[in-house]
Number of protein chains: 4
Amino acid sequence: MPYPEHLRDRLAAVRIAIFDVDGVLTDGTLGGGAAHSRRWNVKDGFGFKLARKVGLRIGLCSGNDHADIRERAERLKLDVMRLGRLDKDQAVREILAELKLEPEQAIFTGDDLFDLPGIRAAGLGAAPADAAPELLERVDWRLQTCGGRGVGREVIEGVLQARGEWRSVIAPFIGDMEQGD
Amino acid sequence: MPYPEHLRDRLAAVRIAIFDVDGVLTDGTLGGGAAHSRRWNVKDGFGFKLARKVGLRIGLCSGNDHADIRERAERLKLDVMRLGRLDKDQAVREILAELKLEPEQAIFTGDDLFDLPGIRAAGLGAAPADAAPELLERVDWRLQTCGGRGVGREVIEGVLQARGEWRSVIAPFIGDMEQGD
Amino acid sequence: MPYPEHLRDRLAAVRIAIFDVDGVLTDGTLGGGAAHSRRWNVKDGFGFKLARKVGLRIGLCSGNDHADIRERAERLKLDVMRLGRLDKDQAVREILAELKLEPEQAIFTGDDLFDLPGIRAAGLGAAPADAAPELLERVDWRLQTCGGRGVGREVIEGVLQARGEWRSVIAPFIGDMEQGD
Amino acid sequence: MPYPEHLRDRLAAVRIAIFDVDGVLTDGTLGGGAAHSRRWNVKDGFGFKLARKVGLRIGLCSGNDHADIRERAERLKLDVMRLGRLDKDQAVREILAELKLEPEQAIFTGDDLFDLPGIRAAGLGAAPADAAPELLERVDWRLQTCGGRGVGREVIEGVLQARGEWRSVIAPFIGDMEQGD
């Protein structure tokens, strides 16, 4: 999936991709009960796996702190989490300090207005195609994918393409022959 | 999301937003079992939170009375509930009496014909984009959002915009700089 | 929702509406486990309730026989069930004999080819908008609704409209004033 | 549903249809917990049943190995499974050796790049309409169906049509009369 050409340099600088959870890695729906039964997408899981291969870090930053988010993050071996955080700007700054990264090395993907502080604390902001209109007006990158349909995959792919690492991470799947051209 | 300009004065008078549940705050599907596993949308939860900031009350009025509705209402700290009520007109009148409000201070959002009495007991009626056609013909406000995709958020946002309170409730997210313009 | 005008007389003769379950009253997806966690639509529940008011009977006829189907049928107080039946023509004939009805008094709604024998044993056949193309070619009534989005409601509404009973069943919701016109 | 005419001979040679699971037989979403609560489609179940009638084998090949996949495979009496396999090319070769089949007798359906090795080890590749764009560019057959909406059914139907066996497997449903023409 192509990324916006004018963002190439900024995407190439990214070392951590931070994601809001509901409406971004899910379609924004929640079941009841303690577990909350979010539904995740395998396309995101594959994207995060490719990211790990080249040292691109993945973080979660959500206003909610539920057992199923932690379980999913553990299964995917995600690098950093800030859950139950309403102060997303502060959460992002903590993550950057912890990893010794500059704001321009982070991209934050959110779907609603409360993600804006997090987006501004990072150097770059992205939002799913079905994010709140007021947020879409204020982000650098309007994604083609809707929440829960592979938003994480699209962001990772864009970053790795801008960094020139996409072809090498997919080489094992594409095969040697095709790599030649 | 914009609201219909001709409804501005009536929306500005609203002090309580009452919602049917199934097909409005959910997509109208139900799992089996006692819990019924409705799926809610985080966008609505965020809208209700913004409403509370400025004292706009939120009510639920459903023909069903299930554990998962009560659980969700409690988590969101909603103000009033009338569950298991087939006489939605009477339920709305009770709510208005309890809160000492006039009909023109209430908006009722429903998705099917059995919501019409509730809508008529309130001063204003809204319906999701995928509501029953016969209901859509009879409401003041046809929403852009489908049931379960953020209907509550769209209603709250419209009311707060008409009341001129939207910019202030989102100020903490938008930031001071932008508030200047 | 309008029904096909040329089917008016045949729809007006209907005394029982028989429905396949998966892909008709649900979107055709099944979770795992014993319960199978089908997701039903409240619009269908409302339609069945309106049908009961005027003595239009409702039946279920499915190749599957799972606990969650029985639970839903019980909750909705449906009149007849034939579950775990691969011989849908025979199942329909049993239902007709039991209720002392003629084939032309039944409509069968299914979504795939194995429903055709049931449809042919009934006098009239309907299929959701997303049914198997080979079935859609062979039914009298191609519905506007997709499986699980209110198929039962559309069928009931069409039958009651053709029988001239729709206005009276919705009168309690529409209100007296409007009934005058 | 029609298959691409130019693939007729290759489809007619197929003796086993191998499917990736997530995003192919499901819409790619996963719930949390041990069971993972995938949602399957009854249209696929019907397709697999028709395949069995004429000895067309069905296989599953997934990078995941979860209880709900095994449960579903058992219920559908599928012929072969290779779960928890990241080396899909090797998995396909094992299946072919086990069943004494040549690569040109297999079709592999996947939705993302990690399915490519499996697709290349089989003689023919298919992908759902909403597969990763990079995969869609590299498969022989771009399906009309999205993941979880009946992908298995579309593949089976295409193979049986190309083999000239479709009319006979659906004869019991279509009826004798129609078979005459």
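What you are looking at is a predicted structure, and each value in this text was computed from that prediction instead of being measured.

### Re the relation of the copies chain C and chain D
A rotation about an axis combined with a shift along that same axis relates the two copies of the chain.
In step 1: After a rotation of 90 degrees and a shift along the axis of 0.0 Å, chain C superposes on chain D with an RMSD of 0.0 Å. Expressed as a symmetry operation, the mapping of one chain copy onto the other fits a four-fold axis. For chain C, the minimum C-alpha distance to the rotation axis belongs to C:S37 and amounts to 6.7 Å.
In step 2: Each copy contacts the other with its own distinct surface, as only 8% of the interface residues of chain C are interface residues in chain D too.

### Brief notes about the confidence of the model for chain A
In step 1: Overall, the prediction assigns chain A a mean pLDDT of 93, with 94% of residues at 70 or greater.
In step 2: Interface predicted TM-score (ipTM) for the complex: 0.91; the corresponding pTM is 0.93.

### Observations concerning the interface of chain C and chain D
In step 1: At the junction of the two partners, chain C supplies 25 residues and chain D supplies 24 residues.
In step 2: Between chain C and chain D lies a buried interface of about 2000 Å² when both sides are counted; carbon and sulfur atoms form 46% of it.
In step 3: Inspection of the chain C/chain D interface yields four salt bridges.
In step 4: Between C:D130 and D:R149 there is a salt bridge, with its nearest N and O atoms 3.6 Å apart.
In step 5: The interface formed by chain C and chain D holds eight residue pairs in polar contact (both at pLDDT 80 or more) in total.
In step 6: If you list the elements that add at least two residues to the side of chain C that touches chain D, you get strand 2 (29-30), helix 5 (116-121) and helix 6 (133-136) of chain C.
In step 7: The element contributing the most residues to the side of chain C that touches chain D is helix 5 of chain C, with three residues.
In step 8: Residue composition of the side of chain C that touches chain D, by class: eight nonpolar, seven polar and 10 charged.
In step 9: When strand 2 of chain C meets strand 3 (residues 40-41) of chain D, the two strands line up antiparallel, connected through two bridges. By the bridge assignment, C:L30 is partnered in strand 3 of chain D with D:W40.

### Notes on the sheet that holds strand 5 (residues 80-83) of chain B
All names here are of chain B.
In step 1: Taken in spatial order, the six strands make up an open sheet running 5-4-1-6-7-8, and their pairing is parallel. Strands at the two margins of the open sheet, each flanked by one partner only, are strand 5 and strand 8 (141-142).
In step 2: The strands that helix 4 (residues 88-99) touches are strand 1 (16-19), strand 4 (57-62), strand 5 and strand 6 (106-109); relative to strand 5, the one it contacts most, it runs at about 155 degrees.

### Describing the interface of chain B and chain A
In step 1: Counting residues at the interface gives 24 residues for chain B, matched by 26 residues for chain A.
In step 2: Taken over both partners, the interface formed by chain B and chain A buries close to 2000 Å², and the fraction arising from carbon and sulfur atoms is 46%.
In step 3: It is B:R39, B:V42 and B:F173 that lose the most area in chain B upon contact with chain A, and together they represent 30% of the buried surface on that side.
In step 4: For the pair chain B and chain A, the number of links is four salt bridges.

### What to know about the pattern of salt bridges
In step 1: Throughout the structure, instances matching the rule amount to 76 salt bridges over all chains.
In step 2: Two residues, A:R93 and A:D89, come together in a salt bridge whose shortest N-O distance is 3.6 Å. Here the residue A:R93 and the residue A:D89 both occupy positions in helix 4 (residues 88-99), the gap between them amounting to four residues, near one helical turn.
In step 3: When its relative accessible area of 42% is taken as the criterion, A:R93 is described as partly exposed.
In step 4: Among the ionic pairs, B:D111 bridges to C:K43, the shortest N-O distance being 3.7 Å. With one member in each of two chains, B:D111 in the loop between strand 6 and helix 5 (116-121) and C:K43 in helix 2 (residues 42-53) form a pair that bridges those chains.
In step 5: We classify C:K43 as buried; its relative accessible area is 13%.

### A short note on the environment of B:K100
Residues and elements named next belong to chain B.
In step 1: Structurally, the position occupied by K100 is in the loop between helix 4 and strand 6.
In step 2: Overall, the relative accessible area of 73% leaves K100 in the exposed class.
In step 3: Separated by 23 residues in sequence, K100 and G123 place their C-alpha atoms 14 Å apart.

Reading the values: rules and limits
- Residues numbered from 1 in each chain as written.
- Chains lettered and ligands numbered in written order.
- Predicted model: local features only at pLDDT ≥ 70, side-chain atom pairs only at ≥ 80, totals over all residues.
- Heavy atoms only, no water.
- Least-squares fit on C-alpha atoms with pLDDT ≥ 70 in both.
- Contact = heavy atoms within 4.5 Å.
- pLDDT = per-residue confidence, 0-100.
- Buried area = accessible area lost by both parts, 1.4 Å probe.
- Salt bridge = Lys/Arg side-chain N within 4 Å of Asp/Glu carboxyl O.
- Polar contact = N/O pair within 3.5 Å; in protein donor to acceptor, adjacent residues only side chain to side chain.
- Helix = DSSP H or I, 4+ residues; strand = E, 2+ residues; numbered from the N terminus.
- Nonpolar A, V, L, I, M, F, W, Y, C, P; charged D, E, K, R; others polar.
- Pairing = 2+ DSSP bridges.
- Axes fitted to C-alpha atoms, helices over the stretch in contact; angles between N-to-C directions.
- Buried < 20%, exposed > 50% of the residue type's maximum accessible area, 1.4 Å probe, protein only.

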